[in-house]
Every structure is written in structure tokens, then in C-alpha cells.
Amino acid sequence: MKKKFIVVCYSMLILSSAAFGQSDSVVFAKGLKSLQFSVADFIQLSSFQGSLISYRVFRSDKSATRIGITANGNHVNNNHKYTSIPVDTSKYERHDKFSEAHVSLYVLRQNYFKKSGILNMYYTLGMVTGFDHSYYNDRRQNYFYSRNMASIGPVASVGFEWMFYKNFTLSAEYMSEGRFSYGKEREQHGNYGQDTNYRRDATIDSYSFFSKGVLFGLSAFF
């Protein structure tokens, strides 16, 4: 992945030399804003920093604040009816529910090493906060499970941004983040038709550090 990042940055440098004569590229200045999108295989677009929105506002000609929100989840409600075949001698129903949700908020300060040009190198420093929720309930098995976790940690990246056309730029960025997570977990179950006869409660804390790899982005300024 790092080799890919270097290759892309080198390609951007070559392309910027070819486009150096452009005079209508965007100029970084206080108050300038942009929406950022991730470029997957240079075909599909999605949010750059988060799955809902990625927003950037410049504080000066060499720095900007970047905000990204990631949110996803699902909910499933199953109702099952079982009948014995070929002779209809027994029937029973089963109901279970499952849901999960994941939300993260990124707030980053993006700093450029020099004032805006055709090709701009930058680094970012910031924080990420998150919340994760999981839930499962099977009424027939008298089983219940829930888990709620909150997290916070530092985020850092380094990258290049290329002003390739008027109010649009392309970027390649290598990002890493760390998280401290804390939460609670509960599990309880028993025999069908009886009161719950077992319950487990747990407090969880964990530390993690990982790379998010190279992010390729397209920015639209307004």
C-alpha cells in the first residue's frame, strides 16, 4: 500500500508539471470550503473521511479544519413459523431481533507546508470519537445480548493534493489512527418458557492502533 502511495504521488508530480501553466486553479484562502469524496478505482465516489459527509473549511492560506462523519447500521426483525412435514403434527414459532450501529466523528487540522500551488504537500492531526452498538434477542431461546462501546483516539496522516482543474483537486493520503474504547456487555439466557436463569455482565476496555491505508480523494470547492 505504501508503494502504491509513492507511485500515485510521483504521478501527480509529473502531471502537475504538465499542468503548471494553469492559471484558473483554486487558491487556498480563509473561508474557502469544499466537500470531499473518496475515489475508488477512480470510478466510484463515496465520502472521503466518512460515509455520510466530509467537509473542509480553510482557516488561512496554509491550514484548514476537516470534519468527517461515518455512520452505518442495520436492524432485522425475524418471525419464523415451523411446521413438521409431510404430516402436520407439530408447529411452533420463533421471533428474534438483531440490530447494530456504528458512528464515528473525525475532526482534523490540515496543515500545508507552503501556500497553495499546483501540487501541495500536507499533514493532518486530529481526534476521532465513536460509538458502537450491538443487540440480539431470541424470544424462543430466551436469549438476549447487548454491547455498547464508546471510543476516542488520535488521527494523523500525510498526503499530496493536486489542483488539476478549476475548483477541483485530487489527493492521495496515508492515514493512521488509534483508539481507546470503553463499554459494557450483557448476555442472558435460559430454557424456553422459563425465566432467565443465567446472566453475564462485563465491562470492557481496549486499546488499538491501525492504518487506514491510502485514501484517494476528490475535492469540490465552493
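Residues numbered from 1 in each chain as written. Predicted model: local features only at pLDDT ≥ 70, side-chain atom pairs only at ≥ 80, totals over all residues. Heavy atoms only, no water.

### Side note on the overall build of the protein chain
The helix and strand inventory of the protein chain stands at 1 helix and 9 strands. Mapped in sequence order, the helices and strands of the protein chain form the string α-β-β-β-β-β-β-β-β-β. The buried share of the protein chain, taken over its 222 residues, is 36%. Long-range contacts, defined here as pairs at least 24 residues apart, represent 65% of the contacts in the protein chain between residues at least 6 apart. Put simply, the protein chain shows about 13100 Å² of open surface, and 59% of that area lies on carbon and sulfur atoms. (Helix = DSSP H or I, 4+ residues; strand = E, 2+ residues; numbered from the N terminus. Buried < 20%, exposed > 50% of the residue type's maximum accessible area, 1.4 Å probe, protein only. Contact = heavy atoms within 4.5 Å. Areas by Shrake-Rupley, 256 points an atom, 1.4 Å probe, with all protein chains shown as cover.)

### Notes on the side chain of Glu177
Of note, Glu177 is situated in strand E8 (residues 168–189). Residue classification places Glu177 among the buried residues on the basis of a relative accessible area of 1%. A distance of 2.8 Å separates polar atoms of two side chains, one belonging to Glu177 and the other to Arg179. Setting aside anything within four residues of it in sequence, one finds Glu177 in contact with Tyr106, Val128, Pro154, Val155, Ser208, Phe209, Phe210 and Lys212. (Polar contact = N/O pair within 3.5 Å; in protein donor to acceptor, adjacent residues only side chain to side chain.)

### Some remarks on a nonpolar patch on the surface
A grouping of Phe113, Met121, Tyr123, Leu125 and Val158 is seen on the molecular surface, where their side chains present a nonpolar patch of about 430 Å² in accessible area. Element by element, the count of residues in the nonpolar patch is highest for strand E6 (residues 119–138), at 3 residues. Looking at the element boundaries, Leu125 is found in strand E6. (Patch = residues over 30% accessible without salt bridge, like charges linked within 9 Å, V, L, I, M, F, W, Y side chains within 5 Å. Salt bridge = Lys/Arg side-chain N within 4 Å of Asp/Glu carboxyl O.)

### Notes on the pattern of salt bridges
Per the counting criterion, the structure on display carries 10 salt bridges. The partner of Lys115 in a salt bridge is Asp61, with the nearest N and O atoms 3.7 Å apart. Highlighted residues: Lys115 in the loop between strand E5 (91–112) and E6 and Asp61 in the loop between strand E3 (53–58) and strand E4 (63–83), separated in sequence by 54 residues. Accessibility expressed as a relative area gives 55% for Lys115, which makes it exposed.

### Quick word on the packing of aromatic side chains
The full count for this structure, using the stated rule, is 11 aromatic pairs. Between Tyr112 and Tyr122 the ring centres are 5.6 Å apart and the planes differ by 55°, which places this aromatic pair in the tilted class. Taken together, the positions of Tyr112 in strand E5 and Tyr122 in strand E6 put the pair 10 residues apart, joining distant regions of the chain. For the pair Tyr112 and Tyr122, a shared accessibility class is recorded, and that class is buried. Grouping aromatic residues by their ring pairs yields a cluster made of Phe28, Phe58, Tyr112, Tyr122 and Phe221. (Phe/Tyr/Trp six-rings, centres within 6.5 Å; stacked < 30°, edge-to-face > 60°.)

### Some thoughts on the confidence of the model for the protein chain
Across the protein chain, the average pLDDT comes to 81, with 75% of residues at or above 70. When pLDDT is averaged over each helix and strand of the protein chain, the minimum, 48, is found for helix H1 (residues 2–18) and the maximum, 94, for E6. (pLDDT = per-residue confidence, 0-100.)

### Here's the deal with the nonpolar core
Counting 9 residues, the largest nonpolar core is built from Val26, Phe28, Leu32, Phe58, Ala64, Tyr112, Tyr122, Met163 and Phe221. With 6 residues, the next largest nonpolar core counts Leu108, Val128, Val155 and Met175 among its residues. (Core = buried A, V, L, I, M, F, W, Y, C linked by side-chain atoms within 4.5 Å.)

### Observations regarding unusual backbone geometry
At Lys166, a residue that is not glycine, the phi angle is positive and equals roughly 40°. Secondary-structure assignment places Lys166 in the loop between strand E7 (143–165) and E8. Given a relative accessible area of 38%, Lys166 falls into the partly exposed group.

### Notes on the environment of Ser38
Relative to the assigned elements, Ser38 resides in strand E1 (residues 33–40). According to the relative accessible area criterion, Ser38 is buried, its value standing at 18%. Separated by 179 residues in sequence, Ser38 and Gly217 have C-alpha atoms that sit 4.4 Å apart.

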